[in-house]
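So you can see what is in the structure, the chains are spelled out below.
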Amino acid sequence: MIMFGCNSSSSDDTTKEAEQPQAAYTFVSLLGGDATAIDASDSGHGFSTPMPNLTSEELDKHLTGDTHFETAFTTAPNNEHPDLDGLGPVFNNQDCNSCHQRDGRPSTITLAAGESRVLLGSNAGIFLRMSIDDGECLAPSVENNYCKNVGVDGFGTQLFHRGVLKARDDWQENPFIGQANVYLSYEYSTVTYADGDTVTLKKPVFSIEKPYDVDVENSLNSAILQANVRYSPRNGMPIFGLGLLELISEADILALADENDSNNDGITGRPNWVFDPVKAKNNDPIPVSLGRFGWKASTPSVRVQSLEALRGDMGITNPLFPEESVLNTPLHDSYLARTGFVDTGTDEQGNTEATQQFSDEVVFYAETLAVPARRNINDESVIAGAQLFTQVNCTGCHQPDFITSTGKFFVGGLAAPEVLKGQHIYPFTDMLLHDLGEGLADNRRDFTANGQEWKTRPLWGIGLTKTVNPAAGFLHDGRAGDVEEAILWHGGEAEQSKNAYMALAEADRQSLIDFVMSL
Amino acid sequence: MIFKKSLLAAAISALVLTACGGSSSDAETPTVVETNFSFEATEMITNLTNDVIVAGYQNLNDGAADFLLATQNLVNTPTDKNLALAQQAWKDVRVPWEQGESHIFGPVDALSIDPHLDTWPLNTSDLEALLASQASFSADELKTFNDDVQGFHTMEFLLFGDGVEDNEKSIDEMTTLESEYLSAAAEVFKTYTQSLLDAWIVANDPNDANSPAYKDLLLTTNNDIYASQLGVVEELINGMIGIIDEVGNGKIAEPFGSNIDNIDTSKVESQYSWNSLADFTDNIRGVQNVYRGEFSGQADKAGIIDFVNAADADLATRVDTEIMDAIAAIEAIAGESDLPFRQAINDADARVRIQAAIDALSTLQTSFENDVLTKLQDWQQ
């Protein structure tokens, strides 16, 4: 009897396995390992939870960083809140949360009926990067300034479309305007499936008016409206799980690179090698690191990403970036003269607007936000979709998993928190650059990344995007209203996978979407 | 040959026995204590959505209309009486806003309405420069200004003054231009409270008439925002935790400091009107509204307390008591001399009462985080 029973059981197992080979990630729930959030993964707090394995002191530091993240900065001088002044004078937003609502994505700006365009204001979580087109740069060195982008004369590498009241010479006619006004409109197109289903896609288009460097009548002479200037819209990104991504070893990422497509699958995967201000500050002879963060993997660490945004997006200087972005431009010089040289970026003692402590706390916060747990794991459609995700080769770029480094590990020049180490994580990104085709191209180089390349976005938490912010969009400029639209924009190296997705029957397409939404 | 066969047979037999043994062992595992519970959440969610959240935003919008009218009366007839009425209208509209902070998710964040209405700190530098440089203000123009010269605290500053010595501005201290700015700001404010209400009951994207009312996303789940009622209940519980944490650890503890030598009056929210304690009380009353399922004084309706009661009746009662204790502790801060919070943090006796309030809020937060929130895992839907 016993032997018979065992044989029967064994036979059933064998049959089941033969019938349904399953991707290894199919039933994984804890996408962040021990750094996964529970009890917050079905609601709008899904991206805002501290890692559950933090120590008591680490949790205190995290929560202090959270307060900083939500701090709104103000115009200098603010005698009542001197620790909060120094905003701008030109900027994109006044606080971190406006581009990363509830630690997620910003709201996509929509147009009212009858409106053809809208001015980017305090509602916007998107801005424009810009630079002079100077061709490819593939090997960073001291001779080529480490492949840094060349800023536009008098402006820099980011267009600051908002300002404090007196930011411009013409502030009485143009209060609160930054370097220029940016307007958003949309172009629409339609994609049709073989079965007749259609999807409308929209692409944001930006126009620029009132640049500060010319009179209104001579707008076209502005430095930012010349033919060799390249623009790239950038939406805010979710900021959970970043510390875990920092601890994926460089070797594991580079092992996935296939720059010459040796395996002939049509997918290359290339690292971005970027200037590292932390290394430069530490007098490292080669201040270049693997890029990990940003839409084109243009920053090497959470520290650089966060503090560059603090200085760049808000105009708050900090020890890593002690000078205003617009230092030595005519706009800044005239602003200082007009306002009595109050907001130079440093105080009389040479202290930056944000202290070292503030900087460290806000960076730590971004490194230690937990990854939301998966949902609906046992749903039949989700299980089927998990297999399709491999079948159509989404995993060619959206690499399911890594194990984070152990032992001594430094990020942004500091020792990594222990809670991040040795975790089996499922970010669904290979952390590499891929050519995604002309449809998504911004035609702007970013260090060694070219104008058609984007870093593979992590997919963990993507299913909670709308729960966290119902108005959020996907892709670098928020153009995709949902996951399906985002898939349909994939081109270039992902063209094959997109076509394979489109060739699926409707029910299977839905299953694949259901899987992605379970993440 | 016989020996070899016997050895192989013995090995197979051992494997089989091992496997069977394991299975048998599993069967003998003692039964786990049952902690799962059932609760039909539809009535609770419907009630909280319609009669607490949407009703709260209706109150906010109505209060904004009353406040706008009061400011217009002040512009047209600048008297101390009309100033006092406008000040009171500001305090009145503050109530539904602060109570609404217990459910600060959805359109209030997605449409950036929170920063439009309640950005803190105020940007006095630019505000004073505006008043010194322009001859008039309109709502359309103000709407293009930065959030830190709009909203509650801008209007508070214009109505009450800087709050350092007193919170009683007289009409002689208010310029015509200030009252015009105030009324323009109140008009902008009203457009945002209307947008917020409409997002909940008409269309969550004001620019897309086909987008669903946000309330319908809570009432009928299995959508992109809430896959199931679990998400809605989790949202509501985490919303309460969020404001309890913010009041105890932020709004009260930050100005309070580690001791009397480390207070920071600049961090006192609503410091111009001296309305801070009313704000904090209303924040926790907002928690009570969601927990009980109705506004104070109304007939009993389904709330989170009913969900908790289905899991653990003692816990449900304990949390309700802790909410009342927290409200009482905040109200007690003022003491017999009715100290405003801005002054209380600098008074040794009041500080004892403030610490008691912080402790009560901490106890409440712990109960929600460790006891209430974790019940979601045991809820059998």
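Structure: above.
Since the model is a prediction, treat every value here as computed from it, not as a measurement.

Take the overall build of chain A next. Counting its regular elements, chain A contains 13 helices and 18 strands. Taken over the C-alpha trace, chain A has a radius of gyration of 24 Å; the compact-globule value for 519 residues is 24 Å, and the two agree within 12%. Expressed as lengths along the three principal axes of its C-alpha atoms, the size of chain A is roughly 95 × 55 × 45 Å. Split into buried and exposed, the 519 residues of chain A put 60% on the buried side. Within chain A, contacts between residues at least 6 apart in sequence are counted, and of these 71% link residues at least 24 apart. A total accessible area of about 20,600 Å² is found for chain A, and carbon and sulfur atoms account for 50% of it.

Moving on: the interface of chain B and chain A. Of the residues lining the interface, 48 residues belong to chain B; the matching set on chain A comes to 52 residues. Of the roughly 3,900 Å² buried where chain B meets chain A, counting both sides, 51% is carbon and sulfur surface. Taken together, the connections running from chain B to chain A amount to one salt bridge. Only α1 (2-27), α4 (107-110), α6 (124-133) and α11 (229-256) of chain B provide two or more residues apiece to the side of chain B that touches chain A. Broken down by element, the residue count for the side of chain B that touches chain A peaks at seven residues, all from α11(B). Taken together, the residues of the side of chain B that touches chain A sort by class into 20 nonpolar, 18 polar and ten charged.

Our next topic: the pattern of salt bridges. Residues and elements named next belong to chain B. Throughout the structure, instances matching the rule amount to 32 salt bridges over all chains. For the salt bridge of Lys251 with Glu98, the shortest nitrogen-to-oxygen distance reads 3.2 Å. Here Lys251, found in helix α11, pairs with Glu98, found in helix α3 (residues 80-100); they are 153 residues apart in sequence, far enough to count as distant. The residues Lys251 and Glu98 share a single accessibility class, namely buried. Close ionic contact of Lys251 with Glu269 constitutes a salt bridge, the shortest N to O distance being 3.5 Å.

Turning to the state of the cysteines, a few remarks are in order. Residues and elements named next belong to chain A. For the coordinates displayed, the defined rule picks out one disulfide over all chains. There is a disulfide in this structure between Cys137 and Cys147, and the S-S distance comes to 2.3 Å. Sign of the S-S torsion, about -75 degrees for the bond between Cys137 and Cys147, identifies this disulfide as left-handed. Here Cys147 lies in the loop between β4 (126-132) and β5 (158-159) and Cys137 lies in the loop between β4 and β5, a separation of ten residues in the sequence. Just as Cys137 is buried, Cys147 falls in that class too. Free cysteine Cys394: the closest other cysteine sulfur is in Cys397, separated by 9.0 Å.

All names here are of chain A. Position of Arg374 relative to the elements: it lies in the loop between β12 (371-372) and α9 (380-391). Of the buried charged residues, Arg374 lacks a salt bridge, with Asp379 as the closest side chain of opposite charge at 9.1 Å. A distance of 2.9 Å separates a polar side-chain atom of Arg374 from the backbone oxygen of Val28. Excluding its chain neighbours within four sequence positions, the residues that come into contact with Arg374 are Tyr25, Thr26, Phe27, Val28, Ser29, Leu31, Val382, Phe515, Ser518 and Leu519.

Residues and elements named next belong to chain A. Judged by nonpolar contacts, the single largest core of 118 residues is most densely connected at Leu159, Phe389, Phe428, Tyr501, Leu512 and Phe515. The greatest single-element share of this core, amounting to six residues, is contributed by helix α8 (residues 356-367). Once residues within four sequence positions are removed from consideration, Phe428 is found in contact with Tyr25, Leu31, Phe389, His398, Gln399, Pro400, Thr456, Arg457, Pro458, Leu459, Phe515 and Leu519.

Here we take up the packing of aromatic side chains. Using the criterion set out here, one finds 30 aromatic pairs over all chains in the structure. Ring geometry for A:Phe176 against B:Phe145: centres 4.8 Å apart, planes inclined by 45 degrees, an arrangement best described as tilted. With one member in each of two chains, A:Phe176 in the loop between β6 (162-163) and β7 (181-192) and B:Phe145 in the loop between α7 (139-142) and α8 (151-160) form a pair that bridges those chains. Given a relative accessible area of 5%, A:Phe176 falls into the buried group. Taking the centre distance of 4.9 Å and the plane angle of 70 degrees together, the rings of B:Trp200 and B:Tyr214 count as edge-to-face. With B:Trp200 in helix α9 (residues 176-201) and B:Tyr214 in helix α10 (residues 214-219), this pair connects stretches of sequence that are 14 residues apart. By the burial criterion, B:Trp200 is buried, and B:Tyr214 matches it.

Attention now moves to the environment of A:His332. All names here are of chain A. Along the chain, His332 turns up in helix α7 (residues 330-338). Sequence separation between His332 and Asn174 is 158 residues; the distance between their C-alpha atoms is 16 Å. Those residues in contact with His332 that lie beyond four places of it in its chain are Pro89, Glu324, Val326, Leu327 and Asp343.

All names here are of chain A. Counted at 1.5 Å a residue, the expected span for helix α6 (residues 302-314) with its 13 residues is 18 Å, and the 17 Å between its end C-alpha atoms agrees. Among the 13 residues that make up α6, ten are buried, leaving the element largely enclosed by the rest of the structure. All of the buried residues along α6 are Val302, Arg303, Val304, Ser306, Leu307, Leu310, Arg311, Gly312, Asp313 and Met314. Where α6 ends, the next residue or the one after it, Gly315, has phi of about 75 degrees, a positive value.

Quick look at the sheet that holds β4(A) now. Within a sheet, adjacent strands bond to each other through the backbone by hydrogen bonds, running parallel or antiparallel. Here we have three strands laid out as an open sheet, ordered β5-β4-β9 (chain A), and antiparallel in their pairing. Edge positions in the sheet fall to β5 and β9 (229-235) of chain A, since each has one partner strand and no second.

Strand order in the open sheet formed by three strands is β3-β7-β8 (chain A), with antiparallel pairing between adjacent strands. Across the chains shown, the open sheet's two edge strands, defined by having one partner strand only, are β3 (118-119) and β8 (198-209) of chain A.

Attention shifts here to α6(B). What α6(B) keeps buried is the set B:Thr124, B:Asp126, B:Leu127, B:Ala129, B:Leu130 and B:Leu131. In this fold, the buried residues of α6(B) make contact with α8 and α9 of chain B.

To continue, consider the packing of helix α2 (residues 42-76) of chain B against α9(B). Residues and elements named next belong to chain B. Two elements in contact, α2 and α9, have axes whose closest approach is 9 Å; the angle formed by their N-to-C orientations is 160 degrees. Here α9 runs roughly antiparallel to α2, going by the angle between their axes. Considering only the axes of α2 and α9, their crossing is left-handed. Split by residue class, the contact of α2 with α9 holds 17 nonpolar, nine polar and three charged.

Residues and elements named next belong to chain B. A surface patch of negative charge is lined by Asp80, Asp162, Glu165, Asp166, Glu168, Asp172 and Glu173. By the element assignment, Asp162 lies in the loop between α8 and α9. What makes Asp162 partly exposed here is its relative accessible area of 38%.

With that out of the way, let us pick up unusual backbone geometry. Residue and element names in this part refer to chain A. The amide bond that connects Ala76 to the next residue, Pro77, takes the cis arrangement and shows omega of 0 degrees. With respect to the helices and strands, the residue Pro77 is situated in the loop between α2 (56-69) and β2 (90-91). A cis geometry characterises the amide bond from Gly88 onward to Pro89, with omega recorded as 20 degrees. Along the chain, the position of Pro89 falls in the loop between α2 and β2. Even without a glycine there, the phi angle at Asp103 is positive, about 65 degrees. On the secondary structure map, Asp103 appears in the loop between β2 and β3. The class for Asp103 is buried, based on a relative accessible area of 3%. Within the chain, Leu475 stands out as a residue other than glycine whose phi angle is a positive 75 degrees. Structurally, the position occupied by Leu475 is in the loop between α10 (465-468) and α11 (483-489).

Quick notes on the rules
- Residues numbered from 1 in each chain as written.
- Chains lettered and ligands numbered in written order.
- Predicted model: local features only at pLDDT ≥ 70, side-chain atom pairs only at ≥ 80, totals over all residues.
- Heavy atoms only, no water.
- Helix = DSSP H or I, 4+ residues; strand = E, 2+ residues; numbered from the N terminus.
- Rg over C-alpha atoms; globule rule 2.2 N^0.38 Å.
- Buried < 20%, exposed > 50% of the residue type's maximum accessible area, 1.4 Å probe, protein only.
- Contact = heavy atoms within 4.5 Å.
- Areas by Shrake-Rupley, 256 points an atom, 1.4 Å probe, with all protein chains shown as cover.
- Buried area = accessible area lost by both parts, 1.4 Å probe.
- Salt bridge = Lys/Arg side-chain N within 4 Å of Asp/Glu carboxyl O.
- Nonpolar A, V, L, I, M, F, W, Y, C, P; charged D, E, K, R; others polar.
- Disulfide = S-S within 2.5 Å.
- Lys, Arg positive; Asp, Glu negative; His and termini not counted.
- Polar contact = N/O pair within 3.5 Å; in protein donor to acceptor, adjacent residues only side chain to side chain.
- Core = buried A, V, L, I, M, F, W, Y, C linked by side-chain atoms within 4.5 Å.
- Phe/Tyr/Trp six-rings, centres within 6.5 Å; stacked < 30°, edge-to-face > 60°.
- Expected span 1.5 Å × (residues − 1).
- Pairing = 2+ DSSP bridges.
- Axes fitted to C-alpha atoms, helices over the stretch in contact; angles between N-to-C directions.
- Parallel < 35°, antiparallel > 145°, perpendicular 65-115°, else oblique.
- Left-handed = near helix turned anticlockwise from the far one by under 90°.
- Patch = residues over 30% accessible without salt bridge, like charges linked within 9 Å, V, L, I, M, F, W, Y side chains within 5 Å.
- Charge placed at Lys NZ, Arg CZ, Asp CG, Glu CD.

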